[in-house]
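Remarks on the overall topology
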Amino acid sequence: MALHDPIRPDGDGSVQVRLDPVDRIGNAKVFAVYGKGGIGKSTTSSNLSAALSLLGKRVLQIGCDPKHDSTFTLTKKLMPTVIDVLETVNFHHEELRPEDYMFEGFNGVMCVEAGGPPAGTGCGGYVVGQTVKLLKQHHLLEDTDVVLFDVLGDVVCGGFAAPLQHAERAVVVAANDFDSIFAMNRIVAAIQAKSKNYDVRMAGVIANRSAATDEIDRFNEATGLKRLAHFPDLDAIRRSRLKKCTLFEMEQTPEVAAACDEYKRLAAHLWAGTDALDAKAMKDRDIFEFLGFE
């Protein structure tokens, strides 16, 4: 991605962790997945990575959460984080091997957990930057078709918006409720800010854990977003997390098979390329009026 203007700030009063042009990821398609905490981003990201791999793509998923549980349904275990393994060698990255921090998961998906800074200290943007730098130094991005960042919760600071500096498209996971849509609105605002200096644009919304999508669709129409996929609140999806496996490894009941087909359709759509949506976030007061209850 091009760094268009290194001087102009991303947003009003912003203090940002800036991307060194040397650390650009390269030729892979890069997606960043955001959404309200607990909305199912990691489950969605892992199943999407699995679906992309089933299309024959070489996929790398990078978890950006101190819980480092983004990829455990792919690998069947909690992996050490990049920051943890760097700490063991006193941050001498040249002493690390790729197998110290990158693990192969379901159907060949490569998995990395960036982790996060110690609680109350540091910056998530630094963690993302160190992870990408390490991957480049070990030439691990050269044979990758898709890089997928699974990012912690709502965008609350420039640090956790750092994956947007690498991504071509951002995807938001949201349920059909006020809190999810409010978080999505903030993410849209973050992407608006980042698009001033970086190539990232909004791809659309994945409706998750929702029987209906009427409120999401209404918000999309008002802001210029599009719904990319819809996954209902299936108990099998919840149980797949408990079983530490992807949805594709669950018993293929009609409901599960339909959800797997939706993931494969979404993967094919993202790979083929999505429109760059010129979405406009609402002001907080306006979104309360728009989604408020009578």
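Keep in mind that this is a model prediction, so the values were computed, not measured. (Residues numbered from 1 in each chain as written. Predicted model: local features only at pLDDT ≥ 70, side-chain atom pairs only at ≥ 80, totals over all residues. Heavy atoms only, no water.)

Re the UniProt feature "binding site: Mg(2+)" (unreviewed entry) in the chain
To be explicit about the condition: UniProt positions are given in the numbering used here, feature names are shortened, and annotations may be inferred rather than shown by experiment. We call two residues contacting when some pair of their heavy atoms lies within 4.5 Å.
With numbering aligned to this structure, UniProt lists the feature "binding site: Mg(2+)" (unreviewed entry) at Ser 42. Among all residues touching Ser 42, those that are not within four sequence positions of it are Asp 69, Ser 70, Asp 150 and Arg 241.

Structural notes on the sheet that holds strand E5 (residues 146-151)
Across a sheet, strands are paired by hydrogen bonds formed along the backbone, either parallel or antiparallel in direction. Just so we agree on the cut-off: Should DSSP find at least two bridges between two strands, the strands are regarded as paired. Secondary structure elements are taken from DSSP: a helix is a run of H or I of four residues or more, a strand is a run of E of two residues or more, and numbering for both begins at the N terminus. Fitting a line to C-alpha atoms yields each axis, with helices limited to the stretch in contact; the angle taken between N-to-C directions then spans 0 to 180 degrees.
Taken in spatial order, the eight strands make up an open sheet running E3-E4-E2-E5-E1-E6-E7-E8, and their pairing is mixed. The open sheet has two edge strands, strand E3 (102-104) and strand E8 (227-231), and neither has a second partner. With strand direction ignored, the average angle separating the axes of adjacent strands in the sheet is 20 degrees. Bridging between strand E2 (residues 59-64) and E5 involves six bridges; their strand directions are parallel. Paired with Gly 63 across the strands is Asp 150, a residue of E5. Contacting strand E6 (169-174), strand E7 (201-208) and E8, helix H6 (residues 214-223) runs over the sheet at an angle of about 165 degrees to E7. Lying on the sheet, helix H8 (residues 254-272) is in contact with strand E1 (29-35), E5, E6, E7 and E8; it crosses E8 at an angle near 165 degrees.

Structural notes on the packing of helix H5 (residues 178-194) against helix H9 (residues 284-291)
Keep this limit in mind: Put simply, angles under 35 degrees are roughly parallel, angles over 145 are roughly antiparallel, angles from 65 to 115 are roughly perpendicular, and the rest are oblique. If you view the pair so one helix is near and one far, a crossing is left-handed when the near helix is turned anticlockwise from the far one by less than a right angle, and right-handed when it is turned clockwise. Amino acid classes used here: Ala, Val, Leu, Ile, Met, Phe, Trp, Tyr, Cys and Pro are nonpolar; Asp, Glu, Lys and Arg are charged; the rest, including Gly, are polar.
Following both chains from N to C, one finds H5 and H9 inclined at 150 degrees, their axes separated by 11 Å at the closest point. In this view, H5 runs roughly antiparallel relative to H9, as classed from their interaxial angle. At the point where H5 passes H9, the crossing takes the right-handed sense. Counted together, Phe 178, Ile 181, Phe 182 and Asn 185 of H5 and Asp 284, Ile 287, Phe 288 and Leu 291 of H9 form the full contact between these two elements. Of the residues in the contact of H5 with H9, the class split is six nonpolar, one polar and one charged.

Section: the environment of Ala 50
Stated formally: Each residue gets one of three labels from its accessible area relative to the maximum for its type: buried under 20%, exposed over 50%, partly exposed in between, using a 1.4 Å probe on protein chains only.
Structurally, Ala 50 can be placed in helix H1 (residues 41-54). Assessed through its relative accessible area of 0%, Ala 50 is described here as buried. Taking C-alpha positions, Ala 50 is 6.9 Å from Val 109, a pair spaced 59 residues apart along the chain. Discounting residues that sit within four places of it in the chain, Ala 50 has contacts with Leu 74, Phe 106, Val 109, Thr 246 and Phe 248.

Notes on the nonpolar core
How we decide: We call a set of buried residues a nonpolar core when its members are Ala, Val, Leu, Ile, Met, Phe, Trp, Tyr or Cys and they connect through side-chain atoms within 4.5 Å of each other.
Residues Ile 62, Tyr 101, Leu 135, Phe 149, Leu 164, Met 184 and Leu 225 are the most contacted members of the largest nonpolar core, which totals 54 residues. For this core, the leading source of residues is H5, giving eight residues. Counting 38 residues, the second largest nonpolar core, distinct from the first, contains Val 33, Phe 103, Leu 234 and Met 250.

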